[in-house]
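# Structural overview
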Amino acid sequence: MTEHQLLGPAAAPAIDAVDAKLSAEQSFPRLRRFLRNRPAVLGSFFMLLMFVVMAVWPQLVPYPDDVADAVNFDRMLEPPSAEFWLGTDEAGRDILTRIMAGTGMSLSLGLVVISVAIVIGVPLGMIAGYYGGWTERVIMRIVDVFSSVPALVLALAISVLLGPSLTNAMIALSIVWWRVFARIAHGQTLSIKSEPYVAIARQMGASDIHVLFREILPNMASAILVTASLDAGAVILIGTSISFLGAGASPPTAEWGLMVASGRAYLPSAWWPSLFPGLAIFFTVMSLNMIGDGLRDFFAGE
Amino acid sequence: MRLNYLLSRLAQMIVVIVGVSVLIFVLTRVLPGDPVAAALGDRATAEQMTQLRAELGLDLPLWQQYGRFVAGLFSGDMGMSLVEKRDVSKIIAERLPATLELVLAALFIAISVGVPLGVMAAVYRNGVIDQISRLIALFGVSFPQFWVGIMLQLLMGLALALLPITGRSSVPMPQTITGFLTIDSLIAFDLTALGNALRHLLCPALVLAAGPLATIMRMVRANMIDEFEKPYPELARAIGMHPFIINFQYVLRNAFTPTLTLIGFLIPIMIGSSFVVEKVFAWPGIARFGADAIMSNDFNGVIGITLVICFFVVLLNLIVDILYPIIDPRIRLGGER
């Protein structure tokens, strides 16, 4: 006798729903395990929200004209109110509007820099770990050179030398960040290389390319993913710092670091122009860190 | 064995420093940034620019410029700063103690607060302290330092009027001996000056310490928990040893090596952060000069500051390496166990 017959037809939809949920849970055990980590879920949810804002902010913002260089003399430095939820800045522009418009800049900064750094760093690290000898020594010494100058200093210098702009700040950060992934890929390759399945693949005549990209790379994906999500936050922090110091985005761009910098002149009487954009950076980076921590726990449990 | 190891480490240090000098030298010369245009402004004629370029030696081939630079370096000459119109080496000598004092104070706060908190979080795992430490850890690595610095200034200096929010001192300081205001005033036994210097140091050092404190705390916690799984802490408890001695003298000591590695990694990050913190708190150190030099394409300033920073990063990492076998006698230098 099935559950349907036992409980009568009225219960059927409920039972089906439970069944569907059960089978979904059984078929996605890994997803379910990730979803049990509440901070990670919260972080993912916030990130999702940010991507939505990034995509449709022109339809969402209350004062679309305030994104660029509009000046509204009649409402300069107004404190938060029902009309302007987060107040207005020194040019009378709505701060909420500008924070929402700046979402894409910070997210793409993290996304682009980390992607480029992975594409450059991971193959170099793998080559160093796999071939060893002089190749390894030269590559890892270059990694050491890049590591012994603080990321912020090198990125700031390169960004200014290229000519201060947000794009150049991204290029500068990518040039600086590849070493992080080179080091991780190097360490991972060294340990994976001695696994039996790599030896077997080699004995069966697999090419170096096959071993590197089909045997070794998939097995370090989790380590790279965790670092990528944690470092995306760090990259956003350094990127906004570069703009804060004046070597990234330039006014009137609605970039968060720049907004904090220009709001600073109106402290202490007007605290809102520098408080809220900073909070936006804080929540973004915190979500990325919560996701990264969640991913790390997740892979550690496997 | 140990001497051999130190010698090979010294050789590595030199390779890295030479590498950094080449890297930054090539970057300044190859990328489009131009110190001459920056120094002379928009109204300079082409003639003036060629003349200054020749004066600075920027018209020579790259390898000759580098040769001149290295030759100068050996006689302690890093060239002239275009921002301050003085020798870069003089500026660095003057400003270095301020940055070192700030970074070392922040490192001191990060270690002396982070390590005990990490131990407590591990001992009372999933308890209140552990939960709080988790929050501190998350916040500590998530906020932008320039923003927290500004907010701290707003809160401490302007709203509560508790602490000075810019500069290094506001009373006459005793004679300069080390350049560290705290140490100089201790030597002169000038308690007013000492208090003043410490009060100025507190806010910027706290901002600089927060991130490293958070990471150190989490690292200590994780490694303490791993150590607790081993049988010896249990045995020590069974024979009635005091928990404080077990935790701090035995377990912490065994669990500390990865934290030492972490501290080595944190040092360059902290020096980098000081570029932002010194700017916000008007701290008269090399990082603030470095930021100004970078912003105005002052090549000699940029190269001088980068090399000095690199030197300290490499040196402090060497010190960390030498500390390994002192803290954990099971470790032998040179990878021999």
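Residues numbered from 1 in each chain as written. Chains lettered and ligands numbered in written order. Predicted model: local features only at pLDDT ≥ 70, side-chain atom pairs only at ≥ 80, totals over all residues. Heavy atoms only, no water.

### Details of the overall build of chain B
Our working rule: Here a helix means four or more residues in a row that DSSP labels H or I, a strand means two or more in a row labelled E, and each is numbered from the N terminus. For every residue, the accessible area obtained with a 1.4 Å probe (protein chains only) is divided by the maximum for its type, and the residue is called buried under 20%, exposed over 50%, and partly exposed between those limits. Residues count as neighbours in contact if any of their non-hydrogen atoms are within 4.5 Å of one another. The Shrake-Rupley method, run with a 1.4 Å probe sphere, supplies the accessible areas, and residue values consider only the shown protein chains as cover. All tallies of charge rest on Lys and Arg as positive and Asp and Glu as negative; His and the ends of each chain are not included. For the purpose of locating charges, the reference atoms are NZ of Lys, CZ of Arg, CG of Asp and CD of Glu.
The number of helices and strands found in chain B is 14 helices and zero strands. Moving toward the C terminus, one meets the helices and strands of chain B in the order α-α-α-α-α-α-α-α-α-α-α-α-α-α. Viewed in the frame of its principal axes, chain B has a C-alpha envelope of about 85 × 55 × 40 Å. When burial is assessed residue by residue, chain B has 49% of its 337 residues classed as buried. Restricting to contacts in chain B with at least 6 residues of sequence separation, those with at least 24 account for 70%. Total accessible area on chain B is roughly 16200 Å²; 67% of this is exposed by carbon and sulfur atoms. Positive and negative side-chain charges of chain B, numbering 24 and 23 respectively, have mean locations separated by a distance of 6 Å.

### Side note on the overall build of chain A
Operational definition: Computation of the radius of gyration draws on C-alpha atoms alone. For the globule rule, the value is 2.2 Å times the number of residues to the power 0.38.
Helix and strand content of chain A: twelve helices and zero strands. Reading chain A from its N end, one meets helices and strands in the order α-α-α-α-α-α-α-α-α-α-α-α. The globule rule puts the C-alpha radius of gyration for 302 residues at 19 Å, and the 25 Å found for chain A is more than 25% above it. Across its three principal directions, the C-alpha atoms of chain A cover 75 × 75 × 25 Å. The burial tally for chain A puts 50% of its 302 residues in the buried class. In chain A, the proportion of contacts linking residues at least 24 apart, taken out of those at least 6 apart, comes to 72%. For chain A, the exposed surface amounts to about 14000 Å²; the carbon and sulfur share of it is 67%.

### What about the interface of chain A and chain B?
The condition is simple: By convention, the term buried area covers the 1.4 Å-probe accessible surface removed from two parts as they join, with the contributions of both added. By definition here, a salt bridge exists when the distance from a side-chain nitrogen of Lys or Arg to a carboxyl oxygen of Asp or Glu is within 4 Å. Between N or O atoms, a polar contact is any pair within 3.5 Å; within protein, one atom must be a potential hydrogen donor and the other a potential acceptor, and residues adjacent in sequence are included only when both atoms are from side chains. Residues are grouped as follows: Ala, Val, Leu, Ile, Met, Phe, Trp, Tyr, Cys and Pro are nonpolar; Asp, Glu, Lys and Arg are charged; every other residue, Gly included, is polar.
Facing the 42 residues of chain A at the interface are 42 residues of chain B. When the two sides are added together, the surface that chain A and chain B hide from each other amounts to roughly 3600 Å², 83% of it contributed by carbon and sulfur. At the boundary of chain A and chain B, one finds zero salt bridges. One can count six residue pairs in polar contact (both at pLDDT 80 or more) joining chain A with chain B. It is helix α12 (residues 272-300) of chain A that provides the largest number of residues to the side of chain A that touches chain B, a total of eleven residues. Among the residues making up the side of chain A that touches chain B, the classes are represented as 28 nonpolar, nine polar and five charged.

### Side note on the pattern of salt bridges
Counted under the stated rule, the structure contains 17 salt bridges over all chains. Linking R93(A) and D89(A) is a salt bridge whose minimum nitrogen-to-oxygen distance equals 3.0 Å. On the accessibility criterion, R93(A) (8% relative accessible area) is buried. A relative accessible area of 6% means that D89(A) is categorised as buried. Of the charged contacts, one joins E227(B) and K230(B) as a salt bridge, the two residues approaching to 2.9 Å between their closest N and O atoms.

### A closer look at the packing of helix α5 (residues 95-131) of chain A against α12(A)
If you want to describe how two helices pack, look at the angle between their axes and the distance between the axes. Residues and elements named next belong to chain A. Applicable threshold: Interaxial angles span 0 to 180 degrees and are taken between N-to-C directions of axes, which are lines fitted to C-alpha atoms, for helices over the stretch in contact. By definition, turning the near helix anticlockwise from the far helix through less than a right angle yields a left-handed crossing, and turning it clockwise yields a right-handed one.
Across the interface, α5 lies against α12 with an axial gap of 11 Å and an inter-helix angle of 35°. When you trace α5 past α12, the crossing you get is right-handed. Side by side, α5 and α12 meet where I95, I99 and L107 of the first sit next to W272, P273, F276, P277, A280 and T284 of the second. Here the residues of the contact of α5 with α12 sort into eight nonpolar, one polar and no charged.

### Some points on the packing of helix α1 (residues 2-30) of chain B against helix α14 (residues 299-327) of chain B
All names here are of chain B. Heads up, the rule is: Should an angle fall under 35 degrees it is taken as roughly parallel, and over 145 as roughly antiparallel, whereas 65 to 115 is taken as roughly perpendicular and any remaining angle as oblique.
Two numbers describe how α1 lies on α14: the axes approach to 10 Å, and their chain directions differ by 160°. As the angle between them shows, α1 and α14 are arranged roughly antiparallel. Note on packing geometry: the crossing formed by α1 with α14 is right-handed. Here the residues of the contact of α1 with α14 are counted per class, giving 20 nonpolar, three polar and four charged.

### Looking at the environment of L62(B)
Residue and element names in this part refer to chain B. Position of L62 among the secondary structure elements: in helix α4 (residues 62-74). Spatially, the C-alpha atoms of L62 and R221 are 50 Å apart, while their sequence positions differ by 159 residues. Setting aside chain neighbours within four positions, we find L62 in contact with F25, V26 and R29.

### Some points on the nonpolar core
Cut-off, in case you're wondering: Nonpolar cores were defined as sets of buried Ala, Val, Leu, Ile, Met, Phe, Trp, Tyr and Cys residues, with membership established by side-chain atoms within 4.5 Å.
Core analysis: the biggest nonpolar cluster contains 172 residues, and L154(A), L173(A), W177(A), F181(A), I242(A) and F275(B) have the highest contact counts within it. Those residues in contact with L154(A) that lie beyond four places of it in its chain are F146(A), V149(A), V176(A), L23(B), I24(B) and L27(B).

### A short note on helix α7 (residues 151-162) of chain A
In plain terms, the rule: Between the first and last residue of a helix there are one fewer steps than residues, each counted as 1.5 Å, and that sum is the expected span.
The terminal C-alpha atoms of α7(A), which comprises twelve residues, lie 16 Å apart, in line with the 16 Å expected from a rise of 1.5 Å per residue. Among the twelve residues of α7(A), eleven are classified as buried, and the element is accordingly described as predominantly covered.

### Side note on the environment of N289(A)
Mapped onto the elements of the fold, N289(A) is located in helix α12. Separated by 59 residues in the primary sequence, N289(A) and L230(A) place their C-alpha atoms 5.2 Å from one another.

### Quick notes on the side chain of N297(B)
With respect to the element layout, N297(B) can be found in the loop between α13 (286-295) and α14. When near neighbours in sequence (up to four residues on either side) are disregarded, N297(B) contacts V160(A), L161(A), G33(B), D34(B), P35(B) and A38(B).

### Considerations on the packing of aromatic side chains
Under the convention used in this document: Pairs were defined over the aromatic rings of Phe, Tyr and Trp, the Trp ring being its six-membered one, requiring ring centres within 6.5 Å. Orientation was assigned from the angle between planes: stacked under 30 degrees, edge-to-face over 60, tilted for the rest. Put simply, a charge is over a ring when the Lys NZ or the Arg CZ is close to the ring centre, within 6 Å, and near the line of the ring normal, within 35 degrees.
In the structure shown here, the tally under the stated rule is 17 aromatic pairs over all chains. Relative to W178(A), the ring of F146(A) lies with its centre 5.3 Å away and its plane at 70°, an arrangement referred to as edge-to-face. Here W178(A) lies in helix α8 (residues 166-193) and F146(A) lies in helix α6 (residues 133-147), a separation of 32 residues in the sequence. Take F146(A) and W178(A): they sit in the same class, and that class is buried. Following the ring pairs from residue to residue traces out a cluster consisting of F46(A), F282(A), F283(A), F139(B) and W147(B). The ring of W134(A) has R137(A) sitting right over it, with the charged end atom 4.7 Å from the ring centre. Across from the ring centre of F25(B), 4.1 Å away, lies the NZ or CZ of R29(B), which sits over that ring.

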